[in-house]
Amino acid sequence: MLIVFIHLGGNMAFGSVKIYYQNVQQKVLNFLPNSEYTSPTSVKFIKNTGEKISSAEQRLILGASALMSQPFIDSHNRNVDEKTRKVSVARTIAKIIAGTTTGFLIRKGCIKGIKALSQIPGPNVPKYKTIFTPKNIKDNKTDAFAQYRNAMGTIVALLVMMFTNFAIDAPLTRFLTNRLIKKQEENQ
Amino acid sequence: MNLINSFSSFKNVLYKNYGENPGTMLVHTGVLGWILSSLAQVSAVVFNDKISPEQKSFLIPQEIADAAVNILSFYVITSSFKRFASKLVSTGKLTTKPIKDFLKNSGKSDCIGNSSFNIESLPNFGIIKNEYRPFKNGVDVIASVIGSVISCNIVTPIVRNKYAAKKQKQAIARMNANTPQMQSPRGISIEDYQKLSAMKYSGSMRV
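Residues numbered from 1 in each chain as written. Chains lettered and ligands numbered in written order. Predicted model: local features only at pLDDT ≥ 70, side-chain atom pairs only at ≥ 80, totals over all residues. Heavy atoms only, no water.

Caption draft 1: Spatial organisation of the interface of chain B and chain A. In this assembly, 70 residues from chain B lie in contact with 72 residues from chain A. Summing the contributions of chain B and of chain A, the shared interface buries around 6100 Å²; its carbon and sulfur component is 64%. Its salt-bridge partner being Glu131(B), residue Lys47(A) comes within 2.8 Å of it at the nearest N-O pair. Broken down by secondary-structure element, the contributors of at least two residues to the side of chain B that touches chain A are helix H1 (2–18), helix H2 (22–46), helix H3 (53–90), strand S1 (94–96), helix H4 (97–105), helix H5 (129–176) and helix H6 (190–200) of chain B. For the side of chain B that touches chain A, the element with the highest residue contribution is H5(B), accounting for 23 residues. Of the residues that constitute the side of chain B that touches chain A, the class distribution is 33 nonpolar, 23 polar and 14 charged. Judged from the 3 bridges that link them, strand S1 (residues 35–37) of chain A and S1(B) form a sheet pairing that is parallel. Bridge pairing in S1(B) links Tyr37(A) to Thr96(B). (Contact = heavy atoms within 4.5 Å. Buried area = accessible area lost by both parts, 1.4 Å probe. Salt bridge = Lys/Arg side-chain N within 4 Å of Asp/Glu carboxyl O. Helix = DSSP H or I, 4+ residues; strand = E, 2+ residues; numbered from the N terminus. Nonpolar A, V, L, I, M, F, W, Y, C, P; charged D, E, K, R; others polar. Pairing = 2+ DSSP bridges.)

See the structure below:
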């Protein structure tokens, strides 16, 4: 009896949250004007973005925009003293450069590697080149298959980066941080 | 044999779930990236012999709390952006001319912008599928990238800086009070500690 009561109560609470969420969503949708892309260039750009942007490009965009925003945020952090702030900015820039470079290259490399190892099975295709091909795939030119390769490449890259994070990122970040701090001190 | 079957299922699940949803893939792999990066950070502390057990008892929960902020912020912001963008396209609020004409010809013009309406559930959706899917994927990917930039480069650094400053002040206060937990075995000045702290807590870039 108690369990049924709790179950019903839970369902009602969940239902209320869902209705509230839908109402808010509807209000936002009503507030926004209808938009129609009529320019073929804009539509082509949007479609190409969906096809071409993988996690590697996303990482590059994140890194480039991080260089514009994060050092600024760190340099305006009034919660710490000036000396800490300067080290913090140097560390941030070094982290972004090291992380973006290795992150982009490893993701790109792994996606390329998965592409080579996910061929459609055939008489002239060695078995190892189909190791990452899902079952029953007959066409490797579809967008869905390209997205699958991106996803698999990204997952492999993340596993690789568990090691390179220590082997490359950490020492490179330390090296770049020290160089930047030295440069800061020379400029003073 | 079991391992081979599991890998085969994994490939098919990946193909089925992400093949037509690159935006979702970016969100999920982003979260996975944060989780693995956080695991690396935590294990770097756990397996570092140079850190005393007392310091570890302070640093490990701190790293875990830090990871929770990073992961939650990324997931909540990025997936919200992506979901909202998807909703705009699936309700016909954001369209291209062929999609709008399709809705008009299907007699669904009055359903545009209704949150319970979904173009994909129309019985004649197949007619517009090839136009609709690449457009929706593009919008999803753009929204995911914008969401991840806002999360990783604006929200997380601000939250982390506030959190790190609070923790730094607490640690310095403890050091001044000469509590045994914060005394370094090798001896460390406050200035050095601040420098080390800043080295550790600055920015928030995942692997």
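Caption draft 2: Spotlight on H1(B). Taking 1.5 Å per residue, 17 residues should reach 24 Å; H1(B) reaches 24 Å between its end C-alpha atoms and fits that length. Taken together, the buried positions of H1(B) are Ser8(B), Lys11(B), Leu14(B) and Tyr18(B). Angular distribution of buried residues about the axis of H1(B) spans 135 degrees; they occupy a single face of the element. Among the exposed residues of H1(B), those pointing more than 90 degrees away from its buried face are Asn2(B) and Lys16(B). Considering only its buried residues, H1(B) is in contact with helix H5 (143–187) of chain A together with H2 of chain B. (Expected span 1.5 Å × (residues − 1). Buried < 20%, exposed > 50% of the residue type's maximum accessible area, 1.4 Å probe, protein only. Arc of directions from axis to C-beta.)

Caption draft 3: Layout of the packing of H5(A) against H2(B). Their axes nearest at 10 Å, the elements H5(A) and H2(B) cross at an angle of 10 degrees. Taken together, the axes of H5(A) and H2(B) are roughly parallel relative to one another. The hand of the H5(A)/H2(B) crossing is right-handed. Packed against H5(A), whose contacting residues are Gln147(A), Asn150(A), Ala151(A), Thr154(A), Ile155(A), Leu158(A), Leu159(A), Met162(A), Asn165(A) and Phe166(A), the element H2(B) presents Pro22(B), Met25(B), Thr29(B), Leu32(B), Gly33(B), Leu36(B), Ala40(B), Ser43(B) and Ala44(B) at the interface. Among the residues making up the contact of H5(A) with H2(B), the classes are represented as 12 nonpolar, 7 polar and no charged. (Axes fitted to C-alpha atoms, helices over the stretch in contact; angles between N-to-C directions. Parallel < 35°, antiparallel > 145°, perpendicular 65-115°, else oblique. Left-handed = near helix turned anticlockwise from the far one by under 90°.)

Caption draft 4: Quick look at a nonpolar patch on the surface. Residues and elements named next belong to chain A. A cluster of nonpolar residues, Tyr20, Val24 and Val28, forms a patch on the protein surface that exposes about 280 Å² of accessible area. Assignment of secondary structure puts Val28 in helix H1 (residues 2–31). Val28 gets classed as partly exposed once you look at its relative accessible area, which sits at 33%. (Patch = residues over 30% accessible without salt bridge, like charges linked within 9 Å, V, L, I, M, F, W, Y side chains within 5 Å. Areas by Shrake-Rupley, 256 points an atom, 1.4 Å probe, with all protein chains shown as cover.)

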